[in-house]
Amino acid sequence: MSAPRTPRIAPSLLSADFADLAGAIRAAEEGRADALHLDVMDGHFVPNISFGPAVVKAVRSRTRLPLDVHLMIAEPERYLESFAKAGGDTLVLHVESQGNITALVRRVRDLGAHPGIAISPDTPLERIAPLIPEVDEVIVMSVYPGFSGQSFLPQALVRLGAVRKSLDRLARSVDLSVDGGVTLETAPGARGAGADFFVCGNSVYAKGQSPQENLRAMRNVLDSTPVGPPSDPPH
Ligand code: DX5
Ligand code: ZN
């Protein structure tokens, strides 16, 4: 049974100060983050360009936190080996990317990393059904991929709930991640829908507030939110 796990938080470095990634990593560690989320964007799959394997490698050299590498790239096949060698623990492929995604998921496993799959807001969930038995993480996008700081799309809650049901039927644990617009206000809904891995960009690295404090606040909110739909108020 893959019941939801204790909630875990992965700050997304896309929202950090790229001129001080070491400081952002340190702050995440001090705030007891569970992992780091690294958004790789190629200007084709999404309009934005972020960073590639060299930056993943540099981050790897500064932390032992698990690195969750979210590949928003058109042709992942060309780069899987580089990202595995750079030290990505989980390599997450978009189901909408080019290539035989099932074969690529297996390739990630062969490279010694954990395979994950991400699905964009408008893609039918049936597309990931055949991949679920093969992956260690499913990311349900709650914004259109490409940029941090967007608003949470509420339809993600229904999608999280549906994926939660499929995962609950498995005999092993698979992380159910929510990525995009996760804030103190939206995280409880996602937790209620069954997410157990929370990618937080702006809500951790917002200007003017300490990431450590932001992480603590997010942890408090998540720890006090029960999984499952809100219970009926007493009569
Ligand atoms: C968006 C990325 C997200 C982004 C989240 O394409 O996949 O990981 O960094 O940032 P926030 O939490 O600010 O929406
Ligand atoms: Zn991401």
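Residues numbered from 1 in each chain as written. Chains lettered and ligands numbered in written order. Predicted model: local features only at pLDDT ≥ 70, side-chain atom pairs only at ≥ 80, totals over all residues. Heavy atoms only, no water.

**Q** Help me understand the coordination of the zinc ion (ligand 2) in this model?
**A** Geometry reference: four tetrahedral donors at a metal, ideal angle 109.5 degrees. Six octahedral donors, ideal angles 90 or 180 degrees. Of the protein atoms, only His-37 (NE2), Asp-39 (OD), His-70 (ND1) and Asp-179 (OD) coordinate the zinc ion (ligand 2), at distances of 2.0 to 2.3 Å. Considering all 6 donor atoms around the zinc ion (ligand 2), the spread of angles at the metal, 72 to 171 degrees, places the coordination shape in the octahedral class. Counting gaps between the donor residues of the zinc ion (ligand 2) yields the pattern H-x1-D-x30-H-x108-D. With His-37 in strand β2 (residues 36-41) and His-70 in strand β3 (residues 67-72), this residue pair connects regions lying 33 residues apart in the sequence. (Donors = N, O, S within 2.8 Å, 3.2 Å for Na, K, Ca; no water. Tetrahedral: all angles 85-135°; square planar, octahedral: opposite > 155°, others 65-115°. Helix = DSSP H or I, 4+ residues; strand = E, 2+ residues; numbered from the N terminus.)

**Q** For this particular structure, what's the right way to read the environment of Glu-29?
**A** Of note, Glu-29 is situated in helix α1 (residues 21-30). Taking relative accessible area as the criterion, Glu-29 reaches 36% and is therefore assigned partly exposed. The spacing of Glu-29 and Thr-63 is 34 residues in sequence and 8.3 Å in space, taken between C-alpha atoms. Within the structure, Glu-29 has its side chain in polar contact with the side chain of Thr-63 (distance 2.5 Å). (Buried < 20%, exposed > 50% of the residue type's maximum accessible area, 1.4 Å probe, protein only. Polar contact = N/O pair within 3.5 Å; in protein donor to acceptor, adjacent residues only side chain to side chain.)

**Q** Got a minute to help me understand the layout of surface pockets in this structure?
**A** If a probe the size of a water molecule is rolled over the atoms, the empty space left behind becomes visible. The computed volume of the largest pocket comes to approximately 240 Å³. Residue classes in the lining of the largest pocket are distributed as 10 nonpolar, 12 polar and 2 charged. Around the second largest pocket, the lining is made up of 15 residues, and of these Arg-8, Pro-66, Thr-90, His-114 and Asp-175 lie nearest the centre. Looking at side-chain class alone, the lining of the second largest pocket contains 4 nonpolar, 3 polar and 8 charged residues. (1 Å grid on protein atoms, 1.4 Å probe; cavity = no way out; pocket = protein on both sides within 12 Å on 5 of 7 lines; lining within 4 Å. Points joined across faces, edges and corners; volume = space filled by probe spheres on them. Nonpolar A, V, L, I, M, F, W, Y, C, P; charged D, E, K, R; others polar.)

**Q** Explain the nonpolar core here, please?
**A** One recurring pattern in soluble globular proteins: nonpolar side chains tend to sit buried together. Membership of the largest hydrophobic core comes to 61 residues, with the highest contact counts inside it found for Leu-36 and Val-138. Apart from residues no more than four positions distant in its own chain, Val-138 is found in contact with Ile-117, Ile-128, Ile-132, Val-163, Leu-167, Val-174, Asp-175, Leu-176 and Ser-177. Among the nonpolar cores identified, the runner-up in size contains 5 residues, and Val-92, Ala-118, Ile-139 and Met-141 belong to it. (Core = buried A, V, L, I, M, F, W, Y, C linked by side-chain atoms within 4.5 Å. Contact = heavy atoms within 4.5 Å.)

**Q** What is the right way to read the environment of Pro-4 from this model?
**A** Take Pro-4: it is sitting in the segment before β1 (8-11). Along the primary structure Pro-4 and Asp-175 are separated by 171 residues, whereas in three dimensions their C-alpha atoms are 7.8 Å apart. Pro-4 has contacts with Arg-164, Asp-168, Arg-191, Gly-194, Asp-196 and Val-227, leaving out every residue within four places of it along the chain.

**Q** Hey, could you run me through the pairing of strand β7 (residues 175-179) in this one?
**A** In regular strands, side chains alternate between the two faces of the sheet. Most of β7 sits inside the fold, with 5 of its 5 residues counted as buried. Handedness of the crossover joining strand β6 (residues 137-141) and β7 through helix α5 (residues 156-168) is recorded here as right-handed. Bridge count between β7 and strand β8 (residues 197-200): 3 bridges; the pairing is parallel. Bridge pairing links Asp-179 to Val-199 in β8. Assessed by its sense of winding, the connection that carries the chain from β7 through helix α6 (residues 187-192) to β8 is right-handed. (Right-handed = clockwise from strand over helix to strand, strands pointing away. Pairing = 2+ DSSP bridges.)

**Q** Would you mind showing me how to read α1 here?
**A** It helps to recall that an α-helix has 3.6 residues per turn; residues three or four apart then point in one direction. Every buried residue of α1 is accounted for by Leu-21, Gly-23, Ala-24, Ile-25, Ala-27 and Ala-28. Looking at the buried side of α1, the elements it contacts are β1, β2, α2 (53-60), α7 (202-205) and α8 (211-223). The positive-phi residue at the C-terminal boundary of α1 is Arg-32, with phi of around 60 degrees.

**Q** What's the story with unusual backbone geometry in this structure? I'm lost.
**A** Excluding glycine, most residues fall at negative phi; most peptide bonds, likewise, are trans. Backbone geometry places Arg-32, a non-glycine residue, at a positive phi of 60 degrees. Structurally, the position occupied by Arg-32 is in the loop between α1 and β2.

**Q** Can you walk me through the sheet that holds β6 in this structure?
**A** For sheets, the rule is that strands pair by backbone hydrogen bonds, running either parallel or antiparallel. Sheet architecture is open: 8 strands sit in the order β1-β8-β7-β6-β5-β4-β3-β2, paired in parallel fashion. Two strands in the sheet have a free side with no partner beyond their single neighbour: β1 and β2. Adjacent strand axes in the sheet meet at a mean angle of 25 degrees when their direction is disregarded. As paired strands, β3 and strand β4 (residues 90-94) are joined by 4 bridges and run parallel to one another. The partner of Leu-71 across the bridge, within β4, is Leu-93. Sheet contacts for α2: β2 and β3; angle to β3, the most-contacted strand, approximately 170 degrees. (Axes fitted to C-alpha atoms, helices over the stretch in contact; angles between N-to-C directions.)

**Q** Would you mind showing me how to read the environment of Pro-47 here?
**A** Along the chain, Pro-47 falls in the loop between β2 and α2. Separated by 100 residues in the primary sequence, Pro-47 and Phe-147 place their C-alpha atoms 8.9 Å from one another.

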